[in-house]
Amino acid sequence: MTAPAFITWLGDNETLIQSALIFALLAFGFQVALRSGVYTFAAVGCWAIGAYVTGILMLRGWATLPATVVAIGAAALVSLLLALVLGRLRALYLAMATVAFDLLVILVASTLEITGGPTGLYGIPLVTSTPVLLAVVAACALVLRQRERGHTGRQLEVMRTDERLAPALGIDVFRQRINASVLSGVLGALSGALYITLVGAIAPTQAGFELIVTTLTMAVIGGTSSWAGPLLGAFVVTWLPEVLGFIGDWWPAVQGLILVVIVIYARDGLIGIVRGAVRRARHLRAARTPEAREVPA
Amino acid sequence: MTAMLTVEGLKVHFGGVRAVDGVDLELEQGRLYGLVGPNGSGKTTLVNAITRVGPTTAGRIVLEGRDITNARGHELVYAGLARTFQAIRLVPSLTVRENVLLGRGRHVGRGRGAGLRGRRAAAARAARAADAAIEKLRLGPVADEYPANLPYGTQRRVEIAGRWPGTPSSCSSTSRSPG
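Treat the numbers as computed from the prediction; the structure is a model and nothing was measured. (Residues numbered from 1 in each chain as written. Chains lettered and ligands numbered in written order. Predicted model: local features only at pLDDT ≥ 70, side-chain atom pairs only at ≥ 80, totals over all residues.)

(A) Structural context of the domain arrangement of chain B. By the assigned domains, chain B splits into domain 1 (3-84) and domain 2 (96-162). Each of domain 1 of chain B and domain 2 of chain B was reduced to a C-alpha centroid, and the two centroids are 26 Å apart. (Domains from an automatic or database assignment.)

Have a look at this one:
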């Protein structure tokens, strides 16, 4: 592909790229929690909070940045309160409770007048561009990467694999779980705020159960062990329906099928498959090198 | 006297069951102690209560003059009390060295105000302490292995290396032995 052709291709697919980046941020929100053993899906509720608060403020003449900051702050506060209330819940029970929270946020949004009821909000200034999205996703990926490495990475790995062991190693589980929950909510809100300034409108139905399932699919298909998983997953799940245009209405069924296959045969998602391939290649090379050295000697 | 760890009237009751009922202990520095008793006599419950893993009904636990009765589990590590578990608990997805490093958390993060350089220095200190513990327990040759590839006894040594002094002042452990 020549350079001009590539630019044309980018232009043709800009909407898809933007959509995938927005989803990637939300999927980051799921991954950052799952990676620490916190099964919260509250990021979707925070996505709605981020979008609505930003929208409401901007319709009242606020500038983009302060509106976004307030929206994220609101979502962080809600995440903190939710994490404190649900502090004792684990695994499936926490997942259920946070899904209920997501649905509650939508219910409130579709009832209140300030959120535009069932119609939602529209006419918000379109200020988000692809470079902004790229920069935000890159910055968030860097934060997530930092959490996966070194001392913090090892601590979170203990929380994920054996929560009872964690205190014996000096890990404040309560605090770390709250940190993960709030970070998850902030990422969700950031995604929502960028979404509404990219599309200019939001309706309550957009943050429903379907969004939870789609985002979870992205995180799981990509792999939850690393930040690269949700990023890859977001692009795959956004792009596949385009590439597989001929299957049309069957897409949800195919998406479900892919999810089942990944969960059964590749627990670590696409990232796990890539890592496995790299490791095998390295082993092969390592196995060949000593012989290659011995021959000339 | 010079008791390092003092336990006074420790009780752990589960409803009507008195698993531990008024235990007094005085452990001195530099000595190795054993706790013996038949199955179900409350050895593990006692150690769990002391290390704040399990509940306490009544009593007082003092470590080096500091009352730790109501301390939270993770705080004990910083106070100098480490523990291993009856069934070996290692993180399967981390190597031996990483597992040992995990027990060195107190070397890192304490110097939070020191900025990036302080954190680097703390990480280096933790790595040195971990290497010393690995050396001490003769785990050098398997430092980059994963726990699942090692025999039971070696796995136990890895667990102990993660709690090796250098910081904690006492080490309690319930070990599984037949009979």
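(B) Region of the structure containing the nonpolar core. Ala24(A), Leu25(A) and Ala189(A) are the most contacted members of the largest nonpolar core, which totals 72 residues. When contributions to this core are tallied by element, the ones reaching two or more residues are α2 (14-34), α3 (43-59), α4 (64-85), α5 (91-111), α6 (130-148), α8 (173-199), α9 (209-222) and α10 (228-243) of chain A. Top element by residues in this core is α2(A). It accounts for 13 residues. Every residue in contact with Leu25(A), bar those within four places of it in the chain, is listed here: Val136(A), Val137(A), Cys140(A), Leu187(A), Leu190(A), Ser191(A) and Leu194(A). Counting 41 residues, the second-largest nonpolar core is a separate cluster that includes Leu165(A), Ile50(B), Leu102(B) and Ala122(B). (Core = buried A, V, L, I, M, F, W, Y, C linked by C-beta atoms within 7 Å. Buried ≥ 20, exposed ≤ 12 C-beta atoms within 10 Å, placed from the backbone. Helix = DSSP H or I, 4+ residues; strand = E, 2+ residues; numbered from the N terminus. Contact = placed C-beta atoms within 7 Å.)

(C) Structural detail: the packing of α4(A) against α8(A). Residues and elements named next belong to chain A. In the contact formed by α4 and α8, the axes pass within 8 Å of each other and the chain directions differ by 145°. When you trace α4 past α8, the crossing you get is right-handed. Across the interface between the two elements, Thr-64, Thr-68, Ala-71, Ile-72, Ala-75, Ala-76, Val-78, Ser-79, Leu-80 and Ala-83 of α4 pack against Arg-177, Ile-178, Ser-181, Val-182, Ser-184, Gly-185, Val-186, Gly-188, Ala-189, Leu-190, Ala-193 and Thr-197 of α8. Counted by class, the contact of α4 with α8 contains 13 nonpolar, eight polar and one charged residues. (Axes fitted to C-alpha atoms, helices over the stretch in contact; angles between N-to-C directions. Left-handed = near helix turned anticlockwise from the far one by under 90°. Nonpolar A, V, L, I, M, F, W, Y, C, P; charged D, E, K, R; others polar.)

(D) Expanded view of helix α11 (residues 251-265) of chain A. The end-to-end C-alpha distance of α11(A) is 21 Å, a good match for the 21 Å that 15 residues give at a rise of 1.5 Å each. Of all 15 residues making up α11(A), only one are buried, and the element is barely covered by its neighbours. (Expected span 1.5 Å × (residues − 1).)

(E) The packing of α2(A) against α8(A), seen in detail. Residue and element names in this part refer to chain A. Contact geometry of α2 with α8 gives a least axis separation of 7 Å together with a crossing angle of 170°. Considering their axes alone, α2 and α8 lie roughly antiparallel with respect to each other. Relative to α8, the crossing made by α2 is left-handed. Two secondary-structure elements touch here, α2 through Gln-18, Ile-22, Leu-25, Leu-26, Phe-28, Gly-29, Val-32 and Ala-33 and α8 through Ala-180, Ser-181, Leu-183, Ser-184, Leu-187, Gly-188, Leu-190, Ser-191, Leu-194, Tyr-195 and Leu-198. By residue class, the composition of the contact of α2 with α8 is 13 nonpolar, six polar and no charged. (Parallel < 35°, antiparallel > 145°, perpendicular 65-115°, else oblique.)

(F) Local environment of the sheet that holds strand β1 (residues 3-14) of chain B. All names here are of chain B. Read from one edge to the other, the open sheet built from four strands follows the order β2-β1-β3-β4, with strand pairing classed as antiparallel. Each having just a single partner strand, β2 (17-28) and β4 (66-67) make up the two edges of the open sheet. The pairing of strand β3 (residues 58-63) with β4 spans two bridges and is classified as antiparallel. Paired with Val-62 across the bridge in β4 is Asp-67. Strands β1, β2 and β3 of the sheet are contacted by helix α1 (residues 43-50), whose axis makes an angle of about 65° with β2. (Pairing = 2+ DSSP bridges.)

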